[in-house]
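# Descriptive analysis of the structure
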Amino acid sequence: MQFAAITSGQRGLDVHIAGDLAQKILSGTLKAGDVLPSEVELCSHFGVSRTAVREALKLLSSKGLIESRPKLGTHVRDRTYWNLLDVQLLEWMQGIESTAEMYQQFLDFREAIEPQAARLAALHATQAQRTELSLLFREMIAVCAASNFDLARWLEADSAFHRLIFHSTDNCFYIPFGNLLETIFKCFFTWPSSAQDIFLDEHRKIYEAIMIGDADAAHRASMNLMLNSTQPRL
């Protein structure tokens, strides 16, 4: 197995090591039950100190990817233990083809929770949050109306729009999902190349329902966006 050598002058050695090992686990190169090389071997592979290796292993352990046992070494844990709602773990998944099935499962999960988030936002969004949502939707309209489609500008407005919906639920358990969606958008979606590929009308219905406080309409509009869009479901 090949490991990427890291120069001693590089910052965040533990994160780089953890990322390299995590991608091998997430891609299936290292499978559940596989035993990782010893700390001494990893030090040699990566060209770093034992301290950096230990910190990297702690990081992976905190995300549920590995487990260390006395005399048995450090082994890869089954996927059921992985903390898949961890933003850093999702970023490590980027570009790994074998995560396609997992990504589809996330889309199914999103369909289950985002319409309810829209319902709660319609009921509980503050005036300041409604004002912010209005500004974001105006920005989305402006992007679509521009002669040249600005993908970066759309990404920023769209991800902020969906994040704000979760933040407007007045429910502390929904808020982290808004941040999670932003990471998913940036790392996994194949983005549209023109305004014609964007479901602006579906977003409009969500926006209008939240603004007037119609919880049922917000839920229905959000569900329609999930169901009527083909990938990417923005």
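Predicted model only: the values in this text are computed from it and were never measured.

## A short note on the pairing of strand β1 (residues 66-69)
- Relative to strand β2 (residues 73-76), β1 runs antiparallel, the two being bridged by four bridges. Residue E67 lies in a different strand from β2, and its bridge partner there is H75.
- Counting the residues in the hairpin turn of β1 and β2 gives three residues, including K71, whose phi is positive at 70 degrees.

## A word on the packing of helix α7 (residues 151-167) against helix α9 (residues 200-212)
- Where α7 contacts α9, the axes come no closer than 12 Å and their chain directions differ by 35 degrees. When you trace α7 past α9, the crossing you get is left-handed. Judged by residue contacts, D158, F161, H162 and I165 of α7 engage H203, I206, Y207 and I210 from α9.
- Classifying every residue of the contact of α7 with α9 gives five nonpolar, two polar and one charged.

## Section: the confidence of the model for the protein
- In the predicted model, the protein carries a mean pLDDT of 86, and 85% of its residues have values of at least 70.
- Note that pLDDT drops below 50 for residues 230-234; the model gives that stretch 25 contacts with residues more than four away or on any other chain.

## What to know about the pattern of salt bridges
- All told, the structure shown has eleven salt bridges when counted by the stated rule.
- The shortest N-O distance in the salt bridge between R119 and D216 comes to 2.8 Å. One end of the pair, R119, is in helix α5 (residues 100-124); the other, D216, is in helix α10 (residues 215-228), and 97 residues separate them in sequence.
- Accessibility expressed as a relative area gives 45% for D216, which makes it partly exposed.
- Where D201 meets K205, a salt bridge forms, and the shortest distance between an N and an O atom there is 3.7 Å. In this pair, D201 and K205 are both assigned in helix α9, four residues apart and thus about one turn of the helix distant.
- Taking the relative accessible area as the measure of exposure, D201 reaches 42% and is therefore partly exposed.

## Here's the deal with the environment of A118
- With respect to the element layout, A118 can be found in helix α5.
- A118 sits in the buried class, given a relative accessible area of 0%.
- With 48 residues separating them in the primary sequence, A118 and F166 have C-alpha atoms 7.3 Å apart.
- In this structure A118 touches I165, I210, A218 and S222, once residues within four positions along its chain are discounted.

Here is what the cut-offs are and how they apply
Residues numbered from 1 in each chain as written. Predicted model: local features only at pLDDT ≥ 70, side-chain atom pairs only at ≥ 80, totals over all residues. Heavy atoms only, no water. Pairing = 2+ DSSP bridges. Helix = DSSP H or I, 4+ residues; strand = E, 2+ residues; numbered from the N terminus. Axes fitted to C-alpha atoms, helices over the stretch in contact; angles between N-to-C directions. Left-handed = near helix turned anticlockwise from the far one by under 90°. Contact = heavy atoms within 4.5 Å. Nonpolar A, V, L, I, M, F, W, Y, C, P; charged D, E, K, R; others polar. pLDDT = per-residue confidence, 0-100. Salt bridge = Lys/Arg side-chain N within 4 Å of Asp/Glu carboxyl O. Buried < 20%, exposed > 50% of the residue type's maximum accessible area, 1.4 Å probe, protein only.

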